[in-house]
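A look at the structure
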Amino acid sequence: LRFSALTFWALGFVAVGIALATAAAWPVYESPRALVVGVAGGLLGMGVAVLARMLRWGALLAALAAAAMYLIVAVPLAIPSALSSVPAFLGGLRDAVFGVVLGWKQMLTLAPPLGEYQAVLIPFLVVMVFGGFVATFLALHPGRRALAAVPVVAAMSVFGVAFGLSATSSPVVVFGIEVPAPREWLIGVGVFAA
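Residues numbered from 1 in each chain as written. Predicted model: local features only at pLDDT ≥ 70, side-chain atom pairs only at ≥ 80, totals over all residues. Heavy atoms only, no water.

What to know about the packing of aromatic side chains
- Going through the model one piece at a time under the given rule, you end up with four aromatic pairs.
- Ring centres 5.7 Å apart and planes at 35° place the aromatic pair tyrosine 29 and phenylalanine 124 in the tilted group. With a gap of 95 residues between them, tyrosine 29 in helix H1 (residues 5-29) and phenylalanine 124 in helix H5 (residues 122-139) connect regions that are remote in the sequence.
- Its relative accessible area of 1% is what places tyrosine 29 among the buried residues.
- Ring plane angle 45° and centroid distance 5.8 Å describe the contact between tyrosine 70 and phenylalanine 130, whose orientation is recorded as tilted. With tyrosine 70 in helix H3 (residues 59-78) and phenylalanine 130 in helix H5, this residue pair connects regions lying 60 residues apart in the sequence. (Phe/Tyr/Trp six-rings, centres within 6.5 Å; stacked < 30°, edge-to-face > 60°. Helix = DSSP H or I, 4+ residues; strand = E, 2+ residues; numbered from the N terminus. Buried < 20%, exposed > 50% of the residue type's maximum accessible area, 1.4 Å probe, protein only.)

Here's what the structure looks like:
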């Protein structure tokens, strides 16, 4: 991996995507912990991808490293209440593993905002760690294949829309023009512009 201007543009693009995906997920949780999960999870995923590119790891080894990173940070970031004791930590680790598959169902059965209830932040952490990892791993790929990072970054922001509120944000008036769903528009335009 050579650190050129293009490398920094690629990393900046993924970082902007992480910020937009975190903003898109805010209405789902409305908790400061969700901001920590979004930003830290995304940056950790990026870090694993950068390390993998620097050490010239193949995709499989890099993916295993991302999975290991997820397991290391899942409880402290997404289920901090499980840090109270060893049995609680092991239960939190179990929730982190099973939450990859079952956490989505739990989110669908609860009404937003979800806050930090049980392990509801696990699906968001999965999106951010693995989204940040995959987008960065692709963006740092030499050649045109780096463009495959674009739909990954866009998909990260879809999480907040898919699991968000059933109603859009209240319209606002800008220079005498009513703008419907301003939060959704800003995130969509931001993702498109990035």
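A look at the nonpolar core
- Tyr29, Tyr70, Ile122, Leu125 and Phe159 are the most contacted members of the largest nonpolar core, which totals 43 residues.
- Elements represented by at least two residues in this core include exactly H1, helix H2 (32-54), H3, helix H4 (86-109), H5 and helix H6 (149-162).
- In contact with leucine 125, not counting residues within four places along its chain, are Val37, Gly41, Tyr70, Val73, Ala74, Leu77 and Ala78.
- Of all hydrophobic cores here, the second largest spans seven residues; its members include Ala49, Ala52, Ala66 and Phe133. (Core = buried A, V, L, I, M, F, W, Y, C linked by side-chain atoms within 4.5 Å. Contact = heavy atoms within 4.5 Å.)

Points about the pattern of salt bridges
- Scanning all chains against the criterion turns up one salt bridge.
- For aspartate 95, the salt bridge goes to arginine 94, with nearest N and O atoms at 3.3 Å. (Salt bridge = Lys/Arg side-chain N within 4 Å of Asp/Glu carboxyl O.)

A few points about H3
- For H3, the principal kink sits at isoleucine 72 and spans about 35°; a proline, proline 76, occurs within the next four residues.
- When H3 is considered as a whole, its buried residues turn out to be Ala62, Ala66, Tyr70, Val73, Ala74, Val75, Leu77 and Ala78.
- Of the surrounding elements, those touching the buried residues of H3 are H2, H4 and H5. (Bend = angle between axes of the 7 residues up to and from the residue.)

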